[in-house]
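Here's the letter readout for the chains.
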Amino acid sequence: MRRRGERVPREKAAVAAEEEMKSTERKAEQGTEEYQCTGLLEQDFPELCARAGITSVPKVTLQPPPSFPANEEPAELPLAEVLAHIQRKYSCFQPCIQVEREHEDPRSVRAIFLRGWKIEGDMLGVLSQCLPALAGLQAVHLWKVGLTERLLPALAALLAHCPCLRMLSLEGNPLPEPTFHTLMGSNSTLAHLSLRNNSIGDTAARFIGQSLSTLSSSNRSLVSLVLSFNRISDLGAGYIAKHPSCPSALQGLRLNRSLLSLSLANNDIGDAGATRLAEVLGPFALTHAEVVERRRLLLAEALGRFRKTPKEMEEQSERPSSLRGSMASDKLPPAKHGKTPTKKKEPLRREEARQSKKPPELRAARSKDAKLSGQEKLSPQVPDPAKPLHPLLEEARQHQGSIILPGNRALLNLNLTHNHITERGLSAFLAALEGQQREKKPKMPGQQGLLCLSLEKNRIPPTSPAFAQLQELLPPLQDPLPKTQGQEEEQELGT
């Protein structure tokens, strides 16, 4: 009996210890949820790490400015300064978060850099609370951080909560499962995405091509995509460009009009993949599924449902009598001369007298409204210039029973250096560029056609006449960013 009595307090103590541990964990979770980030990464990050139970907390430091070699060797420095210089030089090998600020204000962080240390689930949870609080965060650079396919969707959800984020560099993170396409869905706000050295193969390239565009949706925010130093072959290049044998749901560059720059350097692309990419740049015939979708869009646009919002549809349903009246008035026969009723002229004269008493500004505004309402009834609906036109609704032509579209003229830069392209693939690009040059003035604004094509370090001889002809077709390299008047004056003074 004594032994059993002795065991009871021990068991009670163990249960109490477990309950206390659970209570502390609940308090820690509640503390983490209740903490309000201040927008100061140096303050929020250590505090949230401590509440999450992370023992080794990386430091938040400023990114060192780029150092250039001096022309003259500096004088001998004291030992303390030499040690401090060595510590700053090799501090990047220690786990840290480097930040780049817009100015001296610690709240003006515009870019963060995480290099060479693994991000676990708890650390990603801390970052999911810190980064959205940075109002000016524009870029996130992750290099060899050991992300897994389980954490990549969490990273995509984290980036979606950063309002000003436009650039993501995720390099040196190979994944066994093709999940990189989750970063570039139709709802993504990223404008620049770099996925270098991630061992992306043809299967992942297929999902990436599907994320660029489908028959029903398209990525309209991504401007630059870097897929260099991967394992994309001719098959993967066909997926990105949309080969005719691909499923109809996958369209790639074929129906994408937002991507301006694409880098496929240092891959395994040969002549077949280069031909698929060149075919997208030139005119192409629509498939049966694309023709059906085009007819559906044209019918919806003709009926006025393609551009109308639900609010406009409700307003239209609220005034059916006026429309019927206008339709009936249009169908009335012309009145005969000499039998015009005099009673109907009196209300009109009274209305004219009222209009004459009103200020001229109100009369002009009402006359403009009347003209606009008449135009809406008679003329077809004009598309909103703010909303991009669907690529299938571009001006097309018919040839031998097929509908031909002008092709992708939005892509301006294509990098295919260090691949396996020969003169056969070069001839395909030459034909595509010649086709774009024939139509000098694009029918859609902002679609000038390919301006830069990099084919160096391939299997093309430097003395190839086709390569020289290709260089003549391409315009000289220039800065794609527009310059202000002050910058142009400074450049002229400098020259």
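Note: the structure precedes this text.
Notes on the structure follow. Think of each chain on its own: its residues are numbered from 1, step by step along the sequence as written. Where totals are concerned, whole chains, interfaces and linings use all residues; where local detail is concerned, this predicted model gives features only for residues with pLDDT of at least 70, and gives and counts side-chain atom pairs only at 80 or more. Derived side-chain values reflect all non-hydrogen atoms in the structure, with water molecules and hydrogen atoms excluded from consideration.

On to the state of the cysteines, then. To count as a disulfide, a pair of cysteine sulfur atoms needs to be within 2.5 Å. One pass over the structure, following the stated rule, counts 0 disulfides. Note on Cys-130: no disulfide assigned, nearest cysteine sulfur contributed by Cys-37 at a separation of 5.0 Å. A 1.4 Å probe rolled over the protein chains alone gives each residue an accessible area, and that area as a share of the maximum for its type sets the label: buried under 20%, exposed over 50%, partly exposed in between. For Cys-130, a relative accessible area of 1% gives the class buried. Of all cysteine sulfurs, the one in Cys-164 lies closest to Cys-162, which takes part in no disulfide; the gap is 9.2 Å. Its relative accessible area of 3% is what places Cys-162 among the buried residues.

A few words on helix α5 (residues 152-160). For the purposes of this entry, the term helix denotes a DSSP run of H or I that reaches at least four residues, the term strand denotes a run of E that reaches at least two, and both are numbered from the N terminus. When α5 is considered as a whole, its buried residues turn out to be Leu-152, Leu-155, Ala-156, Leu-158 and Leu-159. Taken down its axis, α5 places every buried residue within 160 degrees of arc, on the same side. Residues are treated as being in contact if the distance between any of their heavy atoms lies within 4.5 Å. Buried residues in α5 make contact with α4 (121-130), β4 (139-143) and β5 (167-171). The arc in question is the one spanned by the directions pointing from the helix axis to the C-beta atoms.

Turning our eyes to something else, we now look at a nonpolar patch on the surface. Two distance rules govern patches: like charges are joined within 9 Å, and nonpolar side chains (Val, Leu, Ile, Met, Phe, Trp, Tyr) within 5 Å, applied only to residues with over 30% relative accessible area and no salt bridge. Using the Shrake-Rupley algorithm and a 1.4 Å probe, accessible areas are obtained, with residue cover drawn only from the displayed protein chains. What makes a salt bridge here is a side-chain nitrogen of Lys or Arg within 4 Å of a carboxyl oxygen of Asp or Glu, nothing more. Taken together, Leu-77, Leu-79, Val-82, Leu-83 and Ile-86 make up a surface patch of nonpolar side chains, about 460 Å² in accessible area. Following the sequence through the fold, Val-82 ends up in helix α3 (residues 79-89). What makes Val-82 partly exposed here is its relative accessible area of 33%.

Within the secondary structure, Ile-54 is located in the loop between α2 (41-52) and β1 (59-62). For Ile-54, the contacting residues outside a window of four places in its chain are Cys-49, Asp-122, Met-123 and Val-126.

A word on the environment of Asp-271. Within the secondary structure, Asp-271 is located in helix α8 (residues 271-281). Sequence-wise, Asp-271 and Gly-425 are 154 residues apart; in three dimensions their C-alpha atoms are separated by 4.5 Å. Once residues within four sequence positions are removed from consideration, Asp-271 is found in contact with Asp-234, His-420, Ile-421, Thr-422, Arg-424 and Gly-425. Polar contact is the term for a pair of N or O atoms within 3.5 Å; when the atoms are in protein, one must be able to donate a hydrogen and the other to accept it, and sequence-neighboring residues count only if both atoms are side-chain atoms. For Asp-271, the side chain forms a polar contact with the main-chain nitrogen of Gly-425, separated by 3.3 Å.

Moving on, we get to the packing of helix α6 (residues 202-212) against helix α7 (residues 234-241). For the pair α6 and α7, interaxial distance at closest approach is 7 Å and the crossing angle is 10 degrees. With respect to each other, α6 and α7 are oriented roughly parallel. In this structure, α6 contributes Asp-202, Ala-205, Arg-206, Gly-209 and Leu-212 to the contact, and α7 contributes Leu-235, Gly-236, Tyr-239 and Ile-240. When grouped by side-chain class, the residues that make up the contact of α6 with α7 number 5 nonpolar, 2 polar and 2 charged. Fitting a line to C-alpha atoms yields each axis, with helices limited to the stretch in contact; the angle taken between N-to-C directions then spans 0 to 180 degrees. By definition in this entry, angles of less than 35 degrees are roughly parallel, angles greater than 145 are roughly antiparallel, angles of 65 to 115 are roughly perpendicular, and the rest are oblique. Ten residues, namely Ala, Val, Leu, Ile, Met, Phe, Trp, Tyr, Cys and Pro, are considered nonpolar, four, namely Asp, Glu, Lys and Arg, are considered charged, and the remaining ones, Gly among them, are considered polar.

Paired strands, in this sense, are two strands between which DSSP finds at least two bridges. With mixed pairing, 10 strands are arranged side by side in an open sheet as β1-β2-β3-β4-β5-β6-β7-β8-β12-β13. Each having just a single partner strand, β1 and β13 (452-454) make up the two edges of the open sheet. Taken pair by pair, the neighbouring strands of this sheet meet at an average axis angle of 10 degrees, ignoring direction. Across 4 bridges, the pairing between β1 and strand β2 (residues 96-101) is parallel. In the sheet register, Leu-62 faces β2, and the bridge partner there is Val-99.

Now for unusual backbone geometry. At Gln-400, a residue that is not glycine, the phi angle is positive and equals roughly 55 degrees. Relative to the helices and strands, Gln-400 is located in the loop between β10 (397-399) and β11 (402-405). Its identity as a non-glycine residue notwithstanding, Lys-457 has a phi of 60 degrees, on the positive side. Note on placement: Lys-457 falls in the loop between β13 and α15 (465-473).

All chains considered together, the criterion is met by 9 salt bridges. Across the pair Glu-102 and Arg-110 runs a salt bridge, and its minimum N-O distance is 3.4 Å. By relative accessible area, which is 47% here, Glu-102 ends up partly exposed. Exposure remark for Arg-110: the relative accessible area of 29% places this residue in the partly exposed category. Glu-171 is paired through a salt bridge with Arg-196; the nearest N and O atoms lie 3.4 Å apart. Here Glu-171 is found in strand β5, whereas its partner Arg-196 is found in the loop between β6 (192-194) and α6, with 25 residues between them in sequence. Three or more residues are tied together by salt bridges with common partners; here these are Glu-100, Glu-102 and Arg-110.

Remember that the coordinates give geometry; whether it matters functionally is a separate question.
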